[in-house]
Amino acid sequence: MSERVSDFRSDTVTRPTPEMRKSMAAAVVGDDVLGDDPTVQELEEKSAKMFGKDAALFVPSGTMGNEMAINVWSRPGDEIIVEARSHVYLYEGAGTAVISGVQVCPIETSDGVMPIDKIRASLRDSTDIHCPRTSLVCIENTHNILGGRVLPIDYLRLLRAFTSEHGLRIHLDGARLFNASCATGIPAAEYAALADSVMFCLSKGLCAPIGSMLVGDSEFIERASRVRKMLGGGMRQVGVIAAPAIISLDSMVDRLEFDNERCHQIAVGIAELPGLLLDPKTVETNILIAHLEPPAPSAGELCEALEARGVLGLPLGDDTVRFVTHHDVDADDVARLVDAMREVLRG
Ligand SMILES: Cc1ncc(COP(=O)(O)O)c(C=O)c1O
């Protein structure tokens, strides 16, 4: 294997920049559980402002943020509607059941957009003693496992109108919401206005080493803060990790446009290769998911062959591979990935 590694497994592999590391050393800190860490307060105020919400809460991970929101918006025995390949459903260790005691109703889609009719058909009759009460709809924008798809704003407006009519809440898993904003030009606050709570990640494309934010109205954040403490997510001199997160919000958001563009370039460069099922038009942001069929090798074999050429991708099962662009891969890395894919798949 060559020495340089072009790592396309995930945008979570991004390392804090030298400026971020300096900010960590210089951060003014306090005890955030006691509410007096000024750097955390600055991060929370900035986040709330960017999302047009009353308040924000710094949390250790996106998973914890999502699970906190589900806990606030539901009671044990409720049912919540989720997309069938969403992070909250597939990758949070059944936290919905374990932490909140809710049952999930997954809706299958190809692009993350759960049709309103299907949501309507999934609502449970809360007056019937046999049925759970439907309390929440969780959406994911961009949708990770469906290839970084962006949920159209017109759909989100319809969904908001529908949930308001039926007394349901919306939680937006916006781990990569800023990638959606860069792709569409629609500000994060416009997306956030169509949800009751939003989680977004600082430690993915925004390069911060740790952390996510949960934003919502004051009452929601107050309740979420109790849940965070219960889960052991109350942190003390946490300004040391809030400081690089402030740099993320100040200077890492607009550059996501490059990640989106580079991912599209990769899609165009590899779409025609034998055994690869991929439509570049569906690659809207920084995640590329390609399906494999003979004569292509399995996803595991493909990733091994790429690794031998200094390029890392992520196998998702036997016939699906994922590549993600981010701050720590440049145009040369993109060219390397495309060349390596051509070499391996053309044999
Ligand atoms: C869509 C989505 N939501 C939530 C998360 C969870 O974030 P974390 O890894 O910080 O728990 C991820 C992580 O990859 C994700 O892709």
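What counts, and where the lines are drawn
- Residues numbered from 1 in each chain as written.
- Predicted model: local features only at pLDDT ≥ 70, side-chain atom pairs only at ≥ 80, totals over all residues.
- Heavy atoms only, no water.
- Domains from an automatic or database assignment.
- Contact = heavy atoms within 4.5 Å.
- Buried area = accessible area lost by both parts, 1.4 Å probe.
- Near = heavy atom within 4 Å.
- Polar contact = N/O pair within 3.5 Å; in protein donor to acceptor, adjacent residues only side chain to side chain.
- Areas by Shrake-Rupley, 256 points an atom, 1.4 Å probe, with all protein chains shown as cover.
- Helix = DSSP H or I, 4+ residues; strand = E, 2+ residues; numbered from the N terminus.
- Nonpolar A, V, L, I, M, F, W, Y, C, P; charged D, E, K, R; others polar.
- Pairing = 2+ DSSP bridges.

(A) Spatial organisation of the domain arrangement of the protein chain. Assigned domains within the protein chain: domain 1 (18-251) and domain 2 (255-345). Of note, the centres of domain 1 and domain 2, computed from C-alpha atoms alone, are 28 Å apart. Counting from both sides, the interface comprises 18 residues of domain 1 and, opposite them, 13 residues of domain 2. Of the roughly 1300 Å² buried between domain 1 and domain 2, counting both surfaces, carbon and sulfur atoms make up 55%.

(B) Broad picture of the site of the ligand. Taken together, 13 residues lie around the ligand, and Gly62, Thr63, Asn144, Asp173 and Arg176 are the ones closest in. Between the ligand and Thr63, the relevant distance is 2.6 Å, taken from an oxygen atom to a side-chain nitrogen or oxygen of the residue. Here an oxygen atom of the ligand sits 2.9 Å away from a polar atom, N or O, in the side chain of Arg176. Compared with its free state, where it exposes 390 Å², the ligand has 84% of that area covered by protein. At the level of secondary structure, the elements contributing two or more residues to the shell around the ligand comprise α3 (62-73) and β7 (197-201). Considering every element that reaches the shell around the ligand, the biggest residue donor is α3, with three residues. When its residues are assigned to classes, the shell around the ligand shows three nonpolar, six polar and four charged.

(C) Up close: the sheet that holds strand β9 (residues 276-277). Spatial ordering of the open sheet is given by β9-β10-β13-β12, a layout of four strands whose pairing is antiparallel. Each end of this open sheet is capped by a strand with a single partner; those strands are β9 and β12 (314-315). Where β9 and strand β10 (residues 287-292) come together, two bridges link them in antiparallel fashion. The residue of β10 that forms the bridge with Leu277 is His291.

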